[in-house]
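Geometric and topological summary
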Amino acid sequence: MSDARFRRPARLDPRDAEELVGASDPALRDEIAHTTARAVVHKARAAEDPALVDRLVHLVETEGLDAVAAMWADAMPVTLPGALWRLYVLREWVRRDPQTVGLRYRLGVGKAPVHEAVAGVADAPQPADLRALADAVLSGVFAGDLAVALERAASFCRILATGAAFDADAREAADPQGADRMTRGASGLLRTAEELEESAARWRAGTLD
């Protein structure tokens, strides 16, 4: 898939959001976040306003996912739009900073506490795997189990968190402030992993909305 579909993520301009949904109040934006998330993963379309879903799908096709993903950023973590937002951010990190991601991955892959077999394979997901998986889910063409996709992303976060912790230890003497930032970043990645794992469990239970 071309990177043209994943242009620089930016908040949707409030005037554009108002034009899209007819109002800009938080409750309605939350409703639209959930509607777009369902549309992207092809779930529960029959329950939505067909005209609105058509407009949102057209927005994805013409403007790229960042215009839609901007509406997911404020969603609660363990919701469908919240889970998709975390996939989107991970995907963008891999795309924008492959050197750092690759380093953290190499440092953490043999030491992170992740399932040995995620998504039916023995190897933990690598950066290229995560990017391809996120591309597929976020473009609405993923034919597999979304719970598996979320679990693989969670494992990826755990690997990167472990790598960041090792990197922080190595830099502590020379750059204590930088090491502290990495340690906080590792904690954030672990929290994201937990949120993705809970989202996966709720998807399997049919309660992720």
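The text that follows walks through the structure, step by step, so that each part is easy to find.

Definitions and limits used
Residues numbered from 1 in each chain as written. Predicted model: local features only at pLDDT ≥ 70, side-chain atom pairs only at ≥ 80, totals over all residues. Heavy atoms only, no water. Helix = DSSP H or I, 4+ residues; strand = E, 2+ residues; numbered from the N terminus. Buried < 20%, exposed > 50% of the residue type's maximum accessible area, 1.4 Å probe, protein only. Contact = heavy atoms within 4.5 Å. Areas by Shrake-Rupley, 256 points an atom, 1.4 Å probe, with all protein chains shown as cover. Arc of directions from axis to C-beta. Core = buried A, V, L, I, M, F, W, Y, C linked by side-chain atoms within 4.5 Å. Phe/Tyr/Trp six-rings, centres within 6.5 Å; stacked < 30°, edge-to-face > 60°. Lys NZ or Arg CZ within 6 Å of the ring centre and 35° of its normal. Salt bridge = Lys/Arg side-chain N within 4 Å of Asp/Glu carboxyl O.

**Quick look at the overall build of the protein**
Scanning the protein from terminus to terminus reveals 9 helices and 0 strands. The buried share of the protein, taken over its 209 residues, is 46%. For the protein, the proportion of contacts with a sequence separation of at least 24, taken over those separated by at least 6, is 73%. Surface accessibility of the protein: about 10600 Å² in total, with carbon and sulfur atoms responsible for 52%.

**Side note on the environment of Asp167**
Within the element layout of this structure, Asp167 appears in helix α8 (residues 146–171). Since its relative accessible area comes to 6%, Asp167 is described here as buried. As a C-alpha pair, Asp167 and Met182 span 15 residues in sequence and 7.6 Å in three-dimensional space. Beyond its immediate sequence surroundings of up to four residues, Asp167 is in contact with Leu103, Arg104, Leu107 and Met182.

**With respect to helix α6 (residues 98–108)**
Regarding α6, the residues found buried are Val101, Gly102, Arg104, Tyr105 and Gly108. Seen from one end, α6 has its buried residues packed into an arc of 165 degrees, which puts them on one side. Of the exposed residues in α6, the ones pointing more than 90 degrees away from its buried face are Gln99 and Arg106. Buried-residue contacts for α6 involve α5 (80–96), α7 (127–138), α8 and α9 (176–205).

**A short note on the nonpolar core**
Ranked by internal contacts, the top residues of the largest apolar core, which has 41 residues, are Trp72, Leu84, Leu150 and Phe156. Elements represented by at least two residues in this core include exactly α2 (26–40), α4 (65–69), α5, α6, α7, α8 and α9. In terms of residue count, the dominant contributor to this core is α8 (12 residues). Residues within four places of Phe156 in sequence aside, it is in contact with Leu90, Val94, Val101, Tyr105, Pro125, Gln126, Pro127 and Leu130.

**Focus on the packing of aromatic side chains**
This model, assessed by the stated rule, comprises 2 aromatic pairs. Aromatic side chains Trp85 and Tyr88 sit 5.8 Å apart centroid to centroid with 25 degrees between the ring planes, which places their arrangement in the stacked category. Of the two residues, Trp85 and Tyr88 are both situated in helix α5; the distance of 3 residues between them amounts to about one turn of the helix. According to the relative accessible area criterion, Tyr88 is buried, its value standing at 1%. A cation sits over an aromatic face here: Lys111 above Phe166, 5.3 Å from the ring centre.

**Comments concerning the pattern of salt bridges**
In this structure the tally under the stated criterion is 14 salt bridges. Between Arg204 and Glu151 there is a salt bridge, and its shortest N-O distance comes to 2.6 Å. Here Glu151 lies in helix α8 and Arg204 lies in helix α9, a separation of 53 residues in the sequence. For Glu151, a relative accessible area of 25% corresponds to the partly exposed category. As a salt-bridge pair, Arg158 and Glu197 come within 2.9 Å of each other at their nearest N and O atoms. Here the residue Arg158 occupies a position in helix α8, and Glu197 occupies one in helix α9, the gap between them amounting to 39 residues. Taking relative accessible area as the criterion, Glu197 reaches 28% and is therefore assigned partly exposed.

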